[in-house]
Amino acid sequence: MRIVTLEEHVSFPELTSLLPSGAVASFGQSPAMQQIKPKLADVTGERLKSMDDNGISMQVISVDSLGANMLTREQAPEFSTRYNDVIANKIAGHPDRFKAFALLPVSAPLAAADELERVVRDYGFCGAMIRGVTDELFLDNPMFAPILERAERLDVPLYLHPGLPPKSVADAYYSNVGTLPGFFEPLACYGWGWHSETAIHVLRLLAGGIFDQYPKLKIIIGHMGEMLPMMMARSERAFKPGNGGANQRTLTDTFKQQLYITTSGFFTLPPFKLAMDTFGEDNIMFSVDYPFSTNEMGIDFLKQIDLPEEKIRKIAHGNADRILKLV
Ligand code: GRE
Ligand code: ZN
């Protein structure tokens, strides 16, 4: 079966080394993260072999760009352009195995919109991945309108990935915990905080009326819906149109029409069942989160899903093929 994965990361040292040192030093210093670095830097070596070994037809790659958010709006556009050019160059020899989400200079929204248009037009990129907040602002802030407008016009999705919390949030929520200094990371990032932050990001877009303002805009989030499936019925009531938010449609209608979730990093059946019961088979797309998770974990999970083949096909590739226009 054709299998497409959408939250698969790269990070190239020749570009990361251009970032200001403070931007990356605070994250990912654990031994486990250090081991992952060579896997992030590789595209056509071990990564492609692992795809072959696990029957993965195509990866849509994206930059693991935690530090890139910290560039100034003067520096960010050139950095993104260089990065996207390098990505395009590295995947050019394997057009049927690799596609990409662009890195955008989000702090310079007009330049970001233009860069999105350039890489979609010139390189066939599938959209862009945006990491968390930029200058402590979520995408419902009017300054980011050019990016949302352009993504809608180009008919390419924006993938909202978690990012590092602002310092004030980190201080209030994630400091003074655990016995090791680095323990901040599991709590603030991949063990909890990231996922609630991305859910908040989507709920801000809903309550800000952004989905209504850009009714053709498609948003993708990973990690089995970033806790939203669990909260769906309760949030549905809280965000009812007329309750004080700017949204004209219900949460469920809006999400079914404009929000897609991937399975990245989630490989057990209970949250998947919840996602099927809430988002449903047309809004769920298989992904791994390579190399932070392994392709083996992803494929073992995919094999466990007990659904008719036609539904598995939608999740494994059909929805991605349609939304990212891969075929
Ligand atoms: C992720 O993409 O989910 C990720 C990172 C960095 C560390 C862990 C992790 O980007 O899961
Ligand atoms: Zn990820």
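One can find the structure itself at the top, above this paragraph.
Residues numbered from 1 in each chain as written. Chains lettered and ligands numbered in written order. Predicted model: local features only at pLDDT ≥ 70, side-chain atom pairs only at ≥ 80, totals over all residues. Heavy atoms only, no water.

Participant: Can you help me understand the sheet that holds strand 1 (residues 4-10) in this one?
Facilitator: Strands pair in a sheet through their backbones, by hydrogen bonds, and they do so in one of two ways: parallel or antiparallel. In space, the 3 strands of this open sheet follow the order 1-2-3, with parallel pairing throughout. Each having just a single partner strand, strand 1 and strand 3 (98-100) make up the two edges of the open sheet. The mean inter-strand angle of the sheet, taken between neighbouring strand axes irrespective of direction, is 35°. Here strand 1 pairs with strand 2 (residues 58-63) via 5 bridges, running parallel. What sits directly across from V10, in strand 2, is V63. (Pairing = 2+ DSSP bridges. Helix = DSSP H or I, 4+ residues; strand = E, 2+ residues; numbered from the N terminus. Axes fitted to C-alpha atoms, helices over the stretch in contact; angles between N-to-C directions.)

Participant: What should I look at first to understand the side chain of D140 in this one?
Facilitator: Among the structural elements, D140 can be located in the loop between strand 5 (128-131) and helix 7 (145-154). Polar side-chain contacts of D140 include one of 2.9 Å to the side chain of R204. When residues no more than four places from it in sequence are discounted, the contact partners of D140 are R204, L205 and I210. (Polar contact = N/O pair within 3.5 Å; in protein donor to acceptor, adjacent residues only side chain to side chain. Contact = heavy atoms within 4.5 Å.)

Participant: Hey, could you run me through the site of ligand 1 in this one?
Facilitator: Near ligand 1 you find E7, H9, F27, M33, D64, R131, H161, Y190, W194, H223, D289 and F292, and these make up its full shell. Between ligand 1 and D64 there is a distance of 2.6 Å, counted from an oxygen atom to a side-chain nitrogen or oxygen. A distance of 2.9 Å separates an oxygen atom of ligand 1 from a polar side-chain atom of H161. Across the complex, the protein chains shield 93% of the 280 Å² of accessible surface that ligand 1 would expose by itself. Looking at side-chain class alone, the shell around ligand 1 contains 5 nonpolar, 3 polar and 4 charged residues. (Near = heavy atom within 4 Å. Areas by Shrake-Rupley, 256 points an atom, 1.4 Å probe, with all protein chains shown as cover. Nonpolar A, V, L, I, M, F, W, Y, C, P; charged D, E, K, R; others polar.)

Participant: Just checking my understanding: could you explain helix 4 (residues 46-54) for this structure?
Facilitator: Quick reminder: α-helices carry 3.6 residues per turn. Residues three or four places apart thus point the same way. Looking at helix 4, one finds that the buried residues are R47, L48, S50, M51 and N54. Around the axis of helix 4, the buried residues are gathered within 160° of arc, so they sit on the same side. For helix 4, exposure combined with an orientation more than 90 degrees from the buried face picks out K49 and D53. Phi turns positive one or two residues past the end of helix 4, at G55, with a value near 70°. (Buried < 20%, exposed > 50% of the residue type's maximum accessible area, 1.4 Å probe, protein only. Arc of directions from axis to C-beta.)

Participant: Help me understand the coordination of the zinc ion (ligand 2), please; the structure alone is not making it clear to me.
Facilitator: Around the zinc ion (ligand 2), the protein supplies E7 (OE), H9 (NE2), H161 (NE2) and D289 (OD) as donor atoms, at distances of 1.9 to 2.4 Å. Mapped onto the sequence, the donors of the zinc ion (ligand 2) take the spacing E-x1-H-x151-H-x127-D. Residue E7 is found in strand 1, and its partner D289 is found in the loop between strand 9 (284-285) and helix 16 (295-304); the two are separated by 282 residues along the sequence. Both residues of the pair, E7 and D289, count as buried. (Donors = N, O, S within 2.8 Å, 3.2 Å for Na, K, Ca; no water.)

Participant: What exactly am I supposed to notice about the packing of helix 6 (residues 109-123) against helix 7 here?
Facilitator: Packed helix pairs are characterised by how far apart their axes lie and by the angle those axes make with each other. The geometry of helix 6 relative to helix 7 is characterised by a closest axis approach of 8 Å and an angle of 20° between their N-to-C directions. Considering their axes alone, helix 6 and helix 7 lie roughly parallel with respect to each other. With respect to the hand of their crossing, helix 6 and helix 7 are arranged in right-handed fashion. Residues P109, L110, A112, A113, D114, L116, E117 and V120 of helix 6 form the contact with helix 7, whose own contacting residues are P146, I147, R150, A151, R153 and L154. For the contact of helix 6 with helix 7, the class distribution of residues is 10 nonpolar, no polar and 4 charged. (Parallel < 35°, antiparallel > 145°, perpendicular 65-115°, else oblique. Left-handed = near helix turned anticlockwise from the far one by under 90°.)

Participant: Explain the packing of helix 13 (residues 228-238) against helix 15 (residues 269-278) to me, please; I cannot follow it from the model alone.
Facilitator: At a closest axis distance of 8 Å, the pairing of helix 13 and helix 15 adopts a crossing angle of 40°. The angle between helix 13 and helix 15 falls in the class oblique. On helix 15, the residues that touch P229, M230 and M232 of helix 13 are L274, A275 and T278. Class assignment for the residues of the contact of helix 13 with helix 15 results in 5 nonpolar, 1 polar and no charged.

Participant: Teacher, can you tell me more about the pattern of salt bridges here?
Facilitator: Scanning the model with the defined rule gives 22 salt bridges in all. With a closest N to O distance of 2.7 Å, R2 and D321 form a salt bridge. Of this pair, R2 sits in the segment before strand 1 while D321 sits in helix 17 (residues 309-323); the two residues are 319 residues apart in sequence, bridging distant segments of the chain. Classification of R2 by relative accessible area gives partly exposed; the value is 23%. Here D212 ties to R249 by a salt bridge, and the two come within 2.8 Å at their closest N and O atoms. Here R249 lies in the loop between helix 13 and helix 14 (251-258) and D212 lies in helix 11 (residues 210-213), a separation of 37 residues in the sequence. (Salt bridge = Lys/Arg side-chain N within 4 Å of Asp/Glu carboxyl O.)

Participant: What is the right way to look at the packing of aromatic side chains in this model?
Facilitator: Note on aromatic pairs: each is described by the distance of the centres and the angle between the planes. Applying the stated criterion across every chain, the model contains 11 aromatic pairs. Look at Y173 and Y174: their rings are 6.0 Å apart centre to centre, the planes differ by 75°, and that puts the pair in the edge-to-face class. Assessed through its relative accessible area of 62%, Y173 is described here as exposed. For Y174, a relative accessible area of 10% gives the class buried. Seen in terms of ring centroids, F267 and F301 are 6.3 Å apart; in terms of plane orientation they differ by 70°. Their pairing is edge-to-face. (Phe/Tyr/Trp six-rings, centres within 6.5 Å; stacked < 30°, edge-to-face > 60°.)

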